[in-house]
Amino acid sequence: MDIGIDLGTANTLLYARGQGIVLNEPSVVAVKEGSRAALAVGTEAKQTIGRTPGSITAIRPLKDGVISDYEAAEEMIRAFVRRAVPGRRPRTRMVVCVPSGVTPVERRAIVHAAQRAGARQVHLIEEPMAAAIGAGLPVEEPRGSMVVDIGGGTAEVAVISLGGIVTSQSLRVGGDRFDTAITDHVRREHALLIGERTAEDIKVAIGSAWPVPGEDAFEMRTFAVRGREKVGGLPKTVDLTVAEVRAALDEPVEAIVEAVKATLEECPPELSGDVMEHGIVLTGGGALLPGLDLRLSASTGIPVTVAEQPLDSVAMGCGRCVEDFDALARVMSAA
């Protein structure tokens with residue numbers, strides 16, 4: 001069976017030919033120290049982050065969109081394929097999404113990990129192209145389409161026309177950097193130590209990039225954060241406000257805004273006109289940050305919309321290529 005894999009820093013999605021998305025789980029592996037044997041993968045492994053005994057370590061095999069732990073990544077891919085396609089599995093063809101800024105060495109690592117996990121053939125497609133296809137943009141037409149895909153480890157900005165990426169920016173800023181910014185802010189301003197799961201909860205509950213009109217109730221929200229005192233080491237609770245978290249997220253959000261501007265500056269004038277007319281499309285988990293579309297629009301003067309299913313856009317685009325390998329060949333040849 002042919003499979004498409006959105007191998008993300010935060011989550012991995014699998015698309016099976018003829019079935020659609022069949023798996024969506026965190027990219028986490030829990031291993032036993034010394035043996036490196038995987039004890040849990042995916043959702044079960046994520047629940048152990050920050051709560052494991054000394055003999056067990058929770059590993060995220062991908063960092064900034066690329067493999068940082070080869071053995072764990074291989075084990076994770078193999079486990080996910082087994083869950084998605086139970087029973088006997090002949091060696092499959094896999095289409096794997098990669099950030100546009102990966103190096104040849106990083107590409108080879110991804111291909112080798114997929115082959116070791118059971119792939120007969122491995123095809124790579126760049127994430128902004130997959131995101132644009134999954135969002136329904138006319139990537140094969142002679143028209144400029146701009147997509148901003150914000151994942152857990154990277155933000156991919158690209159202008160696409162005639163089945164190829166005309167100009168792009170790949171920066172290692174994404175949901176993880178948002179979480180880190182919140183963690184650093186809480187430690188610096190409140191002398192409180194919190195974990196990445198707590199930072200993610202804060203981001204989801206009261207994170208934003210720009211004031212959203214008509215959301216006065218949201219602006220008044222607070223979030224009770226429980227952590228450990230930096231000095232005394234005792235448990236402590238502080239209340240964070242929406243404005244405070246927005247200020248904490250300003251640096252990584254501004255980095256994305258600057259990448260969009262830089263991509264527009266490098267874009268040919270004719271395609272810039274197309275982008276001005278048809279707007280920018282946001283995909284990925286970062287697209288769900290309230291007010292991000294408004295901030296990008298205010299900074300560029302271009303309409304910005306969020307894709308209908310931003311979390312699934314890359315996987316769906318990858319799946320379109322799995323369903324039609326001729327389309328994948330056209331995209332790859334254009335690239």
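Calculation rules
Residues numbered from 1 in each chain as written. Predicted model: local features only at pLDDT ≥ 70, side-chain atom pairs only at ≥ 80, totals over all residues. Heavy atoms only, no water. Helix = DSSP H or I, 4+ residues; strand = E, 2+ residues; numbered from the N terminus. Buried < 20%, exposed > 50% of the residue type's maximum accessible area, 1.4 Å probe, protein only. Contact = heavy atoms within 4.5 Å. Areas by Shrake-Rupley, 256 points an atom, 1.4 Å probe, with all protein chains shown as cover. Lys, Arg positive; Asp, Glu negative; His and termini not counted. Charge placed at Lys NZ, Arg CZ, Asp CG, Glu CD. Core = buried A, V, L, I, M, F, W, Y, C linked by side-chain atoms within 4.5 Å. Domains from an automatic or database assignment. Salt bridge = Lys/Arg side-chain N within 4 Å of Asp/Glu carboxyl O. Buried area = accessible area lost by both parts, 1.4 Å probe. Polar contact = N/O pair within 3.5 Å; in protein donor to acceptor, adjacent residues only side chain to side chain. Nonpolar A, V, L, I, M, F, W, Y, C, P; charged D, E, K, R; others polar. Axes fitted to C-alpha atoms, helices over the stretch in contact; angles between N-to-C directions. Parallel < 35°, antiparallel > 145°, perpendicular 65-115°, else oblique.

Here the focus is the overall build of the protein. Check the secondary structure of the protein and you find 13 helices and 18 strands. Expressed along its principal axes, the backbone C-alpha trace of the protein runs to roughly 60 × 55 × 30 Å. Burial status across the protein gives 50% buried among its 335 residues. Across the protein, the fraction of contacts at a sequence separation of at least 24, relative to all contacts at a separation of at least 6, is 62%. With an accessible surface of roughly 15000 Å², the protein has 50% of that area assigned to carbon and sulfur atoms. The averaged location of the 45 negative side-chain charges in the protein is 9 Å from the averaged location of its 35 positive side-chain charges.

Looking now at the nonpolar core. In this structure, M146, V148, I202, V253, V260, I280 and L292 are the most contacted members of the largest nonpolar core, which totals 41 residues. At six residues, the largest contribution of residues to this core is made by helix α9 (residues 250-266). Residue assignment places this core across two domains, with domain 2 (137-173 + 249-310) and domain 3 (175-248) each supplying three or more. Those residues within four positions of M146 in sequence are excluded, and the remaining contacts are L137, V157, A158, V159, V260, T263, L264, V275, G279, I280 and V281.

The next thing to look at is the pattern of salt bridges. Here the structure, examined in full by the defined rule, presents 18 salt bridges. Residue D250 is joined to R295 by a salt bridge in which the shortest nitrogen-to-oxygen separation is 2.9 Å. Residue D250 is found in helix α9, and its partner R295 is found in helix α11 (residues 292-300); the two are separated by 45 residues along the sequence. By relative accessible area, which is 36% here, D250 ends up partly exposed. Taking relative accessible area as the criterion, R295 reaches 8% and is therefore assigned buried. Among the ionic contacts, a cluster of salt bridges with common partners joins E74, E75, R78 and R116.

Taken domain by domain, the protein comprises domain 1 (3-129 + 313-334), domain 2 (137-173 + 249-310) and domain 3 (175-248). The junction of domain 1 with domain 2 conceals about 1500 Å² of combined surface from both sides, 54% of it contributed by carbon and sulfur atoms. Where domain 1 touches domain 2, the interface holds one salt bridge. E106 is the salt-bridge partner of R172, the closest N and O atoms lying 3.5 Å from each other. Put simply, domain 1 and domain 2 have two residue pairs in polar contact (both at pLDDT 80 or more) between them. Among the elements of the structure, α4 (127-134), α12 (313-323) and α13 (325-334) are those that each provide at least two residues to the side of domain 1 that touches domain 2. Of the residues in the side of domain 1 that touches domain 2, the class split is eight nonpolar, five polar and five charged.

With respect to the secondary-structure elements, D149 resides in strand β11 (residues 145-150). The contacts of D149, once residues within four sequence positions are left out, are E127, A131, T154, A155, E156, T283, G284 and V314.

On to the packing of helix α5 (residues 175-190) against helix α6 (residues 196-206). Where α5 meets α6, the axes come as close as 9 Å, and the angle between the chain directions of the two elements is 100°. Judged by the angle between their axes, α5 and α6 are roughly perpendicular. For the pair α5 and α6, contact is made by G175, F178, D179, I182 and T183 and by E196, A199, E200, I202 and K203, respectively. Residues of the contact of α5 with α6, tallied by class, amount to four nonpolar, two polar and four charged.

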